[in-house]
Structures are given as C-alpha cells and as structure tokens.
Amino acid sequence: MSFQGSSLLELKSLEKTQMDSFFQKALAFKANRWWPQKSFIAGMAFLEVSTRTTSSFEVAVQRLGGKTVKVSGASSSVVKGETVLDTCLTLQAMGVDILIVRHGTDESLADISKQLRTPIINAGEGVSGHPTQGLLDALTVLEGHGRIKGEKLLIVGDAVHSRVAASAVEVFKMYGAEVAFCGPEGWLPKNENTFKDLESGLNWCSVVMALRIQRERHQSHFVALSDYVEKYQLNKDSLAALRADGLIIHPGPFNRGVEVSEEVLLDARSCIWKQVENGVFIRGAVISEILNIQ
Ligand code: CP
C-alpha cells in the first residue's frame, strides 16, 4: 500500500512492509548517492531543542529538491502561548507541503494530525516516541549485522524518560529482535527483561545502545552521577564484555565521560557517526514516500 499523503506519528502502527520500503529506499539513496527531485516546502516546527534531527531533516529536504521554513521554540510565538496545533495550522495555512514537528508538550501529534490536511512527521514527541530515530537505529543494525531478527539489543541507562528507547523497542521487537534493559532501577521500564549488572547484559547482547541521562525530564529519582558512571558507563573496561563484532549505538547527543567514555567513540564497534549519517537517508526516504518523490 502506498504511503503517499500519510503521516508518520509512531512506529507500532506501521506495516512491516512499509518499514522495509523505508530501509530499501534509504540504502538505495546511500549506495547510489542519488536523490529524486521535486519542488516542495517543508514546514519544520522544532519546539524543543535539536541538532541532529533538525539538521538531518533539513539536509534530506534539500537533497530532495525542497526548501524549509523553520520555527524554533525559543524564537517562535509558542513563547507567547501559541499551541503546537496552532503552530501547525499556521504553517499549513501558508501552504507548506509537509510538516515536521518536535515538541514536548501535553498535546498529541496523533490528535493534531486529525485536524490537519497536511502530512506530519513526528520528529520527537515528549517521552512517547521518536520514530525516525527508531528507523535509523534499526537501519544501522541492519547495515552492521545484515539483519535485525535474532539480534539482542541491550538498552543502557535512562530508558523510562527516553523517546528514543520507546521507538527502538517498537521497531526492534517488530523485526523479531530481543530487547533488554540495564540501569538504575527507577529508570527501567516495567514488564521488560532487565539485567542487574552491565557486564551480564553486555555478555548477552549483540547491540548495545547507551542513552543520555534525560535530566530535563526528571521530576524525581535523580541518580548520583559518580554512581552511574561507575556502574553503567560504556568504556574500555566495561566493553571488554561485548563480543568482538558487537555494535555500539547512541542516539546522541552524548555526554562524554558520563554514559560513554572518550574511547567508546573511537572503538571499532561504535556506529555513532554512522547513525548520524543514516539519519539523513532514512528521513529522506520517509519524506520521499509521503510526497511521492520518485
Ligand atoms: N537523537 C536526537 O534526536 O538528537 P537531537 O536532539 O540533536 O535532534
């Protein structure tokens, strides 16, 4: 079924064949260094801070022949009390062809999309999901190991506050990977497999995902940094337990010396920069399917 005109709000409601199509298209763009072209305008409302997601969407739009109109939280009328919905309606009234939205408010993009005729891409919504990040993480594992099914993903750290973790669980489980968590007790999701200590988790997994501590979302349960580093940091010593062909992923931004040490970024198993690269291709693939850019 065609994805033309659709919105990408979450991964769990997507057909697996649609995700396959995103992966194939992203890999084709990457392999051929060729992008189909169309004239279009993307309205980008980034009402929470971002470096990777906003820039990679912008690069992808430009590679596809489009232009962007950007609304950033701190310099937008959201500061004056305008809602996410009204921000989207405003950009729609100007005639943009697609909306790309990041926000951390109580509004729901699923509800907002029902009041729009313009397709919308969720570029990170509160703690609930970050679908294009989930897709690029899965694409990076697919490239690295040639498969997702049968992989064992260990998510380390502040999972309950992470929209990246939420989307990773959706896509990796949908493809038949096993997922487990390791971290301080208050940051582990309920009803999931967990490892008490990092070494056992790293012995088990084929892919490890480190997460930034999401302090901006903490209302309680702050963990002492020195304790966290001692028990859960990915570094040369802890990564001795990860198999030689294991993959290390991190959505970024990372805090060097906290969840990852400097050495991890240079480790041959690290895919952190490849994830950033793949973000452009997967976002381009999603936009090209929605706008039918051939
Ligand atoms: N991974 C991610 O969403 O990074 P940014 O917040 O920099 O966009």
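Residues numbered from 1 in each chain as written. Predicted model: local features only at pLDDT ≥ 70, side-chain atom pairs only at ≥ 80, totals over all residues. Heavy atoms only, no water.

The next subject is the side chain of Asn122. Secondary-structure assignment places Asn122 in strand 4 (residues 120–125). Judged by its relative accessible area of 1%, Asn122 is buried. A polar atom in the side chain of Asn122 sits 2.7 Å from the backbone nitrogen of Gly124. Of the polar contacts made by the side chain of Asn122, one reaches the backbone nitrogen of Glu125; its length is 3.4 Å. Not counting the four nearest positions on each side in its chain, Asn122 is found in contact with Leu8, Leu9, Val101, Leu109, Gly129, Pro131 and Thr132. (Helix = DSSP H or I, 4+ residues; strand = E, 2+ residues; numbered from the N terminus. Buried < 20%, exposed > 50% of the residue type's maximum accessible area, 1.4 Å probe, protein only. Polar contact = N/O pair within 3.5 Å; in protein donor to acceptor, adjacent residues only side chain to side chain. Contact = heavy atoms within 4.5 Å.)

A few words now on the pairing of strand 1 (residues 41–46). For strand 1, a buried count of five out of six residues is recorded, marking the element as mostly surrounded by other parts of the structure. Sheet analysis places strand 1 next to strand 2 (residues 67–72), joined by six bridges and oriented parallel. Opposite Ala45, over in strand 2, you have Val71 as the bridge partner. Taken together, strand 1, helix 2 (residues 52–63) and strand 2 constitute a β-α-β crossover, and its handedness is right-handed. (Pairing = 2+ DSSP bridges. Right-handed = clockwise from strand over helix to strand, strands pointing away.)

At 3.6 residues per turn, the α-helix brings residues three or four places apart onto the same side. The terminal C-alpha atoms of helix 10 (residues 272–290), which comprises 19 residues, lie 27 Å apart, in line with the 27 Å expected from a rise of 1.5 Å per residue. Asn278 marks where helix 10 bends most, by close to 25°. By the criterion of burial, helix 10 is predominantly enclosed, with 15 of the 19 residues buried. Two residues or fewer after helix 10 comes Asn292, characterised by a positive phi angle close to 50°. (Expected span 1.5 Å × (residues − 1). Bend = angle between axes of the 7 residues up to and from the residue.)

Moving on to the site of the ligand. Every residue near the ligand is listed here: Ser50, Thr51, Arg52, Thr53, Arg102, His130, Gln133, Pro251, Gly252 and Pro253. A distance of 2.9 Å separates an oxygen atom of the ligand from a polar backbone atom of Arg52. Within the side chain of Arg102, one N or O atom sits 2.9 Å away from an oxygen atom of the ligand. In isolation the ligand exposes 250 Å². Once the protein is present, 91% of that is buried. Residue classes in the shell around the ligand are distributed as two nonpolar, six polar and two charged. (Near = heavy atom within 4 Å. Areas by Shrake-Rupley, 256 points an atom, 1.4 Å probe, with all protein chains shown as cover. Nonpolar A, V, L, I, M, F, W, Y, C, P; charged D, E, K, R; others polar.)

Here we take up the pattern of salt bridges. A full pass over the atoms with the stated rule returns 16 salt bridges. Its salt-bridge partner being Arg163, residue Glu48 comes within 2.9 Å of it at the nearest N-O pair. Placement of the pair is Glu48 in the loop between strand 1 and helix 2 and Arg163 in helix 6 (residues 163–174), with a sequence separation of 115 residues. A salt bridge links Glu151 to Arg147; the shortest N-O distance between them is 2.8 Å. With relative accessibility at 2%, the residue Glu151 sits in the buried group. (Salt bridge = Lys/Arg side-chain N within 4 Å of Asp/Glu carboxyl O.)

Turning our attention to the state of the cysteines. The tally for this structure, following the rule as stated, stands at zero disulfides. Cys182 takes part in no disulfide bond, and the closest cysteine sulfur, belonging to Cys205, lies 9.8 Å away. Cys271 takes part in no disulfide bond, and the closest cysteine sulfur, belonging to Cys205, lies 12 Å away. On the accessibility criterion, Cys271 (8% relative accessible area) is buried. (Disulfide = S-S within 2.5 Å.)

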